[in-house]
Amino acid sequence: MPASRVPGPSVAFDHVSKRYAGGVIAIDAISVAIAGGSFIALVGASGSGKSTLLKMVNRLIEPSAGAIRIGDADVTAGDAHLLRRRIGYVFQNVGLFPHLNVAENIAIGLRLTGREDRAGRVAELLDLVDLPRAFADRMPDALSGGQRQRVGVARALALEPGLMLMDEPFGALDPVTRDQLGSAIRALHDRLGLTTIMVTHDMAEALILADRVLVMAGGRIVADAPPAALLAGAGGAEADALVAVPREQARRLREIGGAA
Ligand code: ADP
Ligand code: MG
């Protein structure tokens, strides 16, 4: 398929806040600039504001204050539906339509934009996510969780977005499938030159896949560093606590291996 050679766009948050009805301040004046083509992991405890921050990029949630730019354009400059066509979005449990087969699920965006040769494009997309083309006719309930998630990624890539937003995309998967899909998504990111923002609560996954890790707590970014710097302790107390978990696990595994 013609890989998009143009690097993905930058994303900038400028003093962005979100206060939900009821008064919860989910995002507290976040300013952060994400370079085009980078793979960002957004890590933090449940309730720290990760999903809220992500969904403000494709306007599933509107900020209470501040501005978000993709490239040079403010996300509010145009119609939200048109914005979403340029942004891939993958979330936990994919949200495939159960009454549509794989090809129809992948082609939803293609239908909306009136693209011709949808079958050809669906075949390309199945290739891209390493699913057999014969899966086009299958119904979602005849797929494994990992295969469904690959269909979700294919659907998100259908309109050749430069920016991918992923909200705990591997949340419901077993560890082996999760690891495979993580590697596959990083490879797609590199091959297509995407900008990717991936929410995960798994620090090990973030450290392994991302170029840069943003740690969130209480609606703020409390650490912002590349994986190697976080591992070296440059992230501060909150980040250290999260990094300590996989590090301690690795230490125990080495100990067991050494004792065997
Ligand atoms: P995360 O994805 O890190 O778990 P969220 O962004 O979903 O966090 O939530 C951040 C905070 O905002 C939490 O305190 C959550 O309870 C609150 N929140 C999320 N969505 C809503 C909503 N629609 N209405 C009110 N509060 C919300
Ligand atoms: Mg969330």
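Scroll up for the structure.
Residues numbered from 1 in each chain as written. Chains lettered and ligands numbered in written order. Predicted model: local features only at pLDDT ≥ 70, side-chain atom pairs only at ≥ 80, totals over all residues. Heavy atoms only, no water.

Peer 1: Honestly, the nonpolar core in this entry has me stumped. Any pointers?
Peer 2: Nonpolar side chains tend toward joint burial in soluble globular proteins. Membership of the largest hydrophobic core comes to 48 residues, with the highest contact counts inside it found for Ile106, Val153, Leu157, Met164, Met203, Val213 and Leu230. Per-element tally for this core: the top contributor is helix H6 (residues 145-157), with 5 residues. Of the residues that make up this core, three or more belong to each of domain 1 (1-9 + 35-62 + 78-86 + 162-260) and domain 2 (97-160). The contact partners of Leu230, leaving out residues within four places of it in the chain, are Met203, Leu207, Val213, Ala225, Gly235, Ala239, Asp240 and Val243. Ile27, Ile30, Leu54 and Leu163 belong to the second-largest nonpolar core, a separate cluster that totals 26 residues. (Core = buried A, V, L, I, M, F, W, Y, C linked by side-chain atoms within 4.5 Å. Buried < 20%, exposed > 50% of the residue type's maximum accessible area, 1.4 Å probe, protein only. Helix = DSSP H or I, 4+ residues; strand = E, 2+ residues; numbered from the N terminus. Domains from an automatic or database assignment. Contact = heavy atoms within 4.5 Å.)

Peer 1: In this structure, what is going on with the pairing of strand E3 (residues 39-44)? I would like to understand it.
Peer 2: Taken residue by residue, a regular strand's side chains alternate between the two faces of the sheet. Buried residues dominate E3, accounting for 6 of its 6 residues. A two-sided burial pattern is seen for E3, the buried positions comprising Phe39, Ala41 and Val43 on one face and Ile40, Leu42 and Gly44 on the other. Sheet topology note: the E3/strand E8 (residues 195-200) ladder contains 5 bridges and is parallel. Residue pairing for E8: Val43 is matched across the bridge by Thr200. Note: E3 against strand E9 (residues 212-217), 5 bridges, orientation parallel. Counted as the bridge partner of Ala41 is Val213 from E9. (Pairing = 2+ DSSP bridges.)

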